[in-house]
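# A structural walkthrough
Spelled out from the first residue to the last, the chains are:
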Amino acid sequence: MTAMMKAAVFVEKSRIELADKPVPDVGPNDALIRITTTTICGTDVHILRGEYPVAQGLTVGHEPV
Ligand SMILES: [Zn+2]
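Residues numbered from 1 in each chain as written. Predicted model: local features only at pLDDT ≥ 70, side-chain atom pairs only at ≥ 80, totals over all residues. Heavy atoms only, no water.

## So, the coordination of the zinc ion
For the zinc ion, every protein donor is listed as C41 (SG), H62 (NE2) and E63 (OE), and the spread of their distances is 1.9 to 2.3 Å. All donors to the zinc ion come from one chain, and their sequence spacing reads C-x20-H-E. Remark: E63 occurs in the segment after α1 (42-49) and C41 occurs in the loop between β2 (15-22) and α1; sequence separation between them is 22 residues. (Donors = N, O, S within 2.8 Å, 3.2 Å for Na, K, Ca; no water. Helix = DSSP H or I, 4+ residues; strand = E, 2+ residues; numbered from the N terminus.)

## Here's the deal with the environment of H62
Of note, H62 is situated in the segment after α1. On a C-alpha basis, the gap between H62 and C41 in space is 8.1 Å, while along the polypeptide they are 21 residues apart. If we skip the residues at most four places from it in the chain, H62 touches C41, T43 and D44. A distance of 3.3 Å separates polar atoms of two side chains, one belonging to H62 and the other to E63. (Contact = heavy atoms within 4.5 Å. Polar contact = N/O pair within 3.5 Å; in protein donor to acceptor, adjacent residues only side chain to side chain.)

## What about the pattern of salt bridges?
Inspection of every chain in the model, using the stated rule, returns three salt bridges. In this structure, R15 and E12 form a salt bridge, with 3.6 Å as the shortest nitrogen-oxygen distance. The class of R15 is partly exposed, set by a relative accessible area of 35%. Measuring nitrogen to oxygen at the nearest pair gives 2.6 Å for the salt bridge that ties E17 to R15. What makes E17 partly exposed here is its relative accessible area of 35%. Connected via shared salt-bridge partners are E12, R15 and E17. (Salt bridge = Lys/Arg side-chain N within 4 Å of Asp/Glu carboxyl O. Buried < 20%, exposed > 50% of the residue type's maximum accessible area, 1.4 Å probe, protein only.)

## Some thoughts on the layout of surface pockets
Estimates place the volume of the largest pocket at around 730 Å³. Lining the largest pocket we find 23 residues, and of these M5, K6, A7, I35 and T59 sit closest to its centre. In terms of residue count, strand β1 (residues 4-12) provides more of the lining of the largest pocket than any other element does, four residues in total. Its residues assigned to classes, the lining of the largest pocket comprises 14 nonpolar, five polar and four charged. (1 Å grid on protein atoms, 1.4 Å probe; cavity = no way out; pocket = protein on both sides within 12 Å on 5 of 7 lines; lining within 4 Å. Points joined across faces, edges and corners; volume = space filled by probe spheres on them. Nonpolar A, V, L, I, M, F, W, Y, C, P; charged D, E, K, R; others polar.)

Okay, here's the thing in structure tokens:
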């Protein structure tokens, strides 16, 4: 069974949802970290408003603790 995690996903302009995604595979040059807290920054706001185009399904958020 594939291990799953929660991710904030860009669905469309004005819509970001929590979704279940598979835990990524980790290669020899990668690190897998457990995030306990996160927040948003200005980039996330621009993505939500459609001012910074990203692909549908992109996992957003990059301010982890
Ligand atoms: Zn940021």
